[in-house]
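Next come the chains, spelled out residue by residue.
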Amino acid sequence: MARTGWTVSHSKAFWARRALFLASSTMLGGAAIGTVSATAAPVVSIATKSFQISPQSLANALTTFGMQSGWQISVPDTLTAKLSSPGVSGSFAPDIALSHLLAGTGLTYQVSGSHSVIIKKASASITLGPVRVGGTVTHQNPTGPGVGYVATTTMAGTKTDTPLTEIPNSIYVVTKQLMQDQQPQNVAEALRYTPGVYSESLGNYQNGSGIAGSAQGIEQRGFDTSNFVDGLQLNSASAGETAFIERIEAINGPASVMYGQTNPGGMISTSLKKPTDTPLHQVSVGFGSWGRYETTADISDKITKNGNLRYRIAAIGVTSGTQVDHIDYHRVGVLPSITWDIDHKTSLTLLGMYMYTPGNGTNYMQYPTCGTLIQNSSCPRIPRNTFAGYKSWNQQGSKEAMFEMMFNHKFSDVISFSQVFRYEDSRSKTEDTYSNGYSTNGYENSYTELTPWSIRGRSQTIGLDSRIYGKFSTGPMKHTWVVGSDFRELKYTQNALFDYTNDYIQNTYRPTLNTPVCVDINSPSCVVYGSVGPYNYFQEGVYFQDQIKWKGLSILLGGREDWVSYDKDRYSVNNDNDNHTITYKKQADTLQPQHAFTWRAGLIYNTKFGLSPYFSYSTSFVPQAGQTNYLGQSFAPLTGKQLEAGLKYKVPHKDILLTAAAFHIDENHYLINDLEHSGFSTDGGRVRSQGFEVSANANVTKHLHFVASYTYTDIRFAKTNETAQREDIYGNYYGNAVSESGKAVPYMPRNMFSVFADYTVPSKWAKGLGINWGMRYVGYSYVDNVESFKTPSYILFDIGAHYDFGQINTALRGLKAQLSVSNLTNKYYVTSCDGYFCYVGQGRRLYGNLTYNW
């Protein structure tokens, strides 16, 4: 990397020309942060590198910096003795990263060559602090890990490299450091502290990682969400494997304009790990509750001497039980990738993924309200480890393979081209039981009615997003424009068979685990019903967007046209054991092609003191493909619209971002459970969600990182013709049917609050030690559509600690130990109920690991 310095004696005209050049090349690395002595010139950095240097002794930090940057560092041992560095994490120009490392040490650097510096004492008249060049301190990688707990730029929501404070809607980033400190084992856990997101509504059902890729059970602003991987909505299990993820972003509010079919509550965007500019070598071994043992590796390095060809390999192997007996989780996976910078304008990245999960750790059984929500002598508490199925019929597994290509080419400063392609092939197998009723009367006479089932599925998905984009000016206004097209094709084949041979019942408190089942469609002794056949779905869209900036005002305008079609050529099958015949009945289901136009507009104003008020309007469209009412009729597509107003405050010269947002969402044709026809849905009419969110992401000091949020969500049936009877907590209906209009939508808590902080102890007696603490409050939610009764609120506490051995012994440099405990008090709680069954939350979980970086 070339590094060039200029002294402050240059003319204003020179700096103006230089600033224009940097802006046009979009490669402004920012300003050198740190002390600038009389002999050290401030440096404008153009190229950036990725740095991952943990807080440690200054001597070790400088050694690691030299390895990752390729710079030569000259420093007397007497200067670094007994000094520590706060570390640095993220993409920076080397001089900026070096300034971060020296922050608070009383030292500065002097340029001695193009790739070499001398560390020296800072002048007594100068204090350490940011030196701003071109109006910014640093520019983060918009898809990178962030810095500490703060990310300032993103590609999510706009598909352009944009500061969060210039986007007029809510986007929250879960940084890599936050994930490292909390040690989540799937995406749902990683989103626990995110505003507007209720990530574990299915509780124990999500304890494994088997379903995390589908975003099942995650709700944003009261609506189901969907998961996008590197900008494409697919079905990859890699979306839920935190060992493969660089960062997670929650886009709250409609995102249909840039991403197609998404619910008005928002979407979750994950970025997979890709080759880094500087070498990265990390391995870890871990252990945890329920017999969890895990090992991971994350290696990235140069292939060619000049670094234009780089690779990265992330891998995981894990075996574990879960809090439920006989439900296990086993996985091996690898994510290799390679990046080729063909020239200074063209780059190509290729990724592959293979994941084998013979046990996905998912507990498909719900527990009755009697024994969970209700606990008394007639309904004793059902222990969290209760396995209510059959041990002899209990297998869930999958195999997933993926290939991804990302291509970028810059034709000029005005126009560039970007493309993302992805192919996935997933095969799954499930042999399990599910609950369909219960009776209760104490330990001896409490039974759950079960239905054994067998499912074999395969999905093949292709996704492609192609766009051209660029920048131009019209007078005083600067435009960042995007025009693109994407498509997604899903082919899914599923054979689902259900055993109706016997009336299977299970004692809730004293289960019999080895009852034989009969799911052989060819056996005359079995009574089997089910369906076989393919499902095909195709979606395509074209979109445009213009981000207009004039002085401190940013205006965003965008629109999209979508086309969707699908068909099912399914056969229902049943084995009539009286006549020993198998009947196939064709059930074709074809959706006439649908299309819709969605749009959004918003504006945000950046004041000079960091405050940014904004307002936006956006719409959404989701075809309800594959879902029918009990008569077999298709539902109308979901259409939504949102008004949002808020404030964003980036504290000047600090890594502190504060946000507040108020929203009002209307969605038509919201589906709810059909209470009269079990297993079916019905059109709930128009639903209204309104509320507000406040959040804080802060690197308060080099030792203290902090996140906090509060969410208020009031989601109700605004207009519906549906009525229902109220019921008591024992499932008995009473009174006349009442209108659902104006009633709260079930399962979504109205209030949520969370706070998490990590503190690295600076004292000499505890060098290298860090501790963290978190609290999560989830308010009550209703169990049905007429507010019959509530699922109670709960508070959970999380704690953790980490220790850097390199702080006490240079021979142990790069070795770090960590321990995390979630639900410290082992509280028994229920995340949601539907009136008959409940989802029980995760008990105390401990996870520790030993990580080595070199």
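Computed from a prediction, not measured in an experiment: that's the story for all the values here. Throughout, residues of each chain are indexed from 1 in the direction in which the sequence is written. Per-residue local features are limited, in this predicted model, to residues with pLDDT of at least 70; the limit for side-chain atom pairs, both in listing and counting, is 80 or more; totals at the level of whole chains, interfaces and linings are taken over all residues. Side-chain metrics in this entry use all non-hydrogen atoms of the structure; hydrogen atoms and water are not considered.

(A) Focus on empty space enclosed by the protein. Cavity and pocket criteria rest on a 1 Å grid covering protein atoms alone: a 1.4 Å probe that fits but cannot get out defines a cavity, protein on both sides within 12 Å along at least 5 of 7 lines defines an open pocket, and an atom within 4 Å of a point defines a lining residue. Grid points are joined across faces, edges and corners, and a volume is the space filled by probe spheres set on the points. Inspection of the entire model under this criterion finds 13 cavities of 30 Å³ or more. In terms of lining residues, the largest cavity is bounded by 28 residues, among which I171, Y172, V173, S695 and N697 are the most central. Going along the chain from the N terminus, every DSSP run of H or I of four or more residues is numbered as a helix, and every run of E of two or more is numbered as a strand. For the lining of the largest cavity, the secondary structure elements donating two or more residues are β12 (170-174), β36 (638-650), β37 (656-668), β40 (686-699) and β41 (704-719). In terms of residue count, the dominant contributor to the lining of the largest cavity is β12 (5 residues). Under the convention adopted here, Pro, Cys and the residues Ala, Val, Leu, Ile, Met, Phe, Trp and Tyr are nonpolar, Asp, Glu, Lys and Arg are charged, and Gly plus all remaining residues are polar. When its residues are assigned to classes, the lining of the largest cavity shows 20 nonpolar, 7 polar and 1 charged. Space inside the second largest cavity adds up to approximately 220 Å³. Looking at the second largest cavity, it is lined by 20 residues, and the ones nearest its centre are R192, Y198, M752, R776 and V778. Counting only elements with at least two residues in the lining of the second largest cavity, the list comes to β13 (197-198), β41, β44 (751-760), β45 (769-778) and β48 (794-804). Considered class by class, the residues forming the lining of the second largest cavity number 11 nonpolar, 6 polar and 3 charged.

(B) Quick look at the state of the cysteines. By definition, disulfides here are pairs of cysteine sulfur atoms that lie within 2.5 Å. By the definition in use, this model includes 3 disulfides. Note on cysteine connectivity: C370 is disulfide-linked to C379, with sulfurs 1.8 Å apart. Because the torsion about its S-S bond is -100°, the bridge between C370 and C379 counts as left-handed. Both residues of the pair, C370 and C379, count as buried. C518 shares a disulfide with C526; S-S distance 1.7 Å. Every disulfide takes its handedness from the sign of the S-S torsion; for C518 and C526 that torsion is -75°, giving left-handed. Both residues of the pair, C518 and C526, count as buried. Listing the disulfide partners of the chain by sequence rank of the bonded cysteines yields 1-2, 3-4, 5-6. Here's how the labels work: a residue is buried when its accessible area is under 20% of the maximum for its type, exposed when over 50%, partly exposed in between, all with a 1.4 Å probe on protein chains only.

(C) Region of the structure containing the sheet that holds strand β14 (residues 219-220). As summarised here, the arrangement of the 3 strands in space is β13-β14-β15, forming an open sheet in which the pairing is antiparallel. Strands at the two margins of the open sheet, each flanked by one partner only, are β13 and β15 (223-224). Pairing between strands requires that DSSP locate at least two bridges from one strand to the other. Sheet topology note: the β14/β15 ladder contains 2 bridges and is antiparallel. Each bridged residue has a counterpart across the sheet, and for Q220 the counterpart in β15 is F223.

(D) A look at the pattern of salt bridges. Salt bridges are defined as contacts in which a side-chain nitrogen from Lys or Arg sits within 4 Å of a carboxyl oxygen from Asp or Glu. Inspection of every chain in the model, using the stated rule, returns 31 salt bridges. A salt bridge links D298 to K273; its shortest N-O distance comes to 3.1 Å. Of the two residues, D298 sits in strand β21 (residues 292-302) while K273 sits in the loop between β19 (266-272) and β20 (280-288), which places them 25 residues apart along the sequence. Among the residues examined, D298 registers a relative accessible area of 5% and is labelled buried. With relative accessibility at 6%, the residue K273 sits in the buried group. Here R560 makes a salt bridge to D562, at a shortest N to O gap of 2.8 Å. With a relative accessible area of 1%, D562 lands in the buried category.

(E) Spatial organisation of the environment of V483. Within the secondary structure, V483 is located in strand β29 (residues 477-499). Look at V483 and you get partly exposed, because its relative accessible area is 41%. Note: C-alpha distance between V483 and I468 (15 residues apart in sequence) is 5.5 Å.

(F) Representation of helix α2 (residues 58-69) in the model. Multiplying one less than the number of residues by 1.5 Å gives the expected span of a helix. When the terminal C-alpha atoms of α2 are compared, their 16 Å separation across 12 residues agrees well with the 16 Å that a helix rising 1.5 Å per residue should span. Of all 12 residues making up α2, 9 are buried, and the element is well covered by its neighbours.

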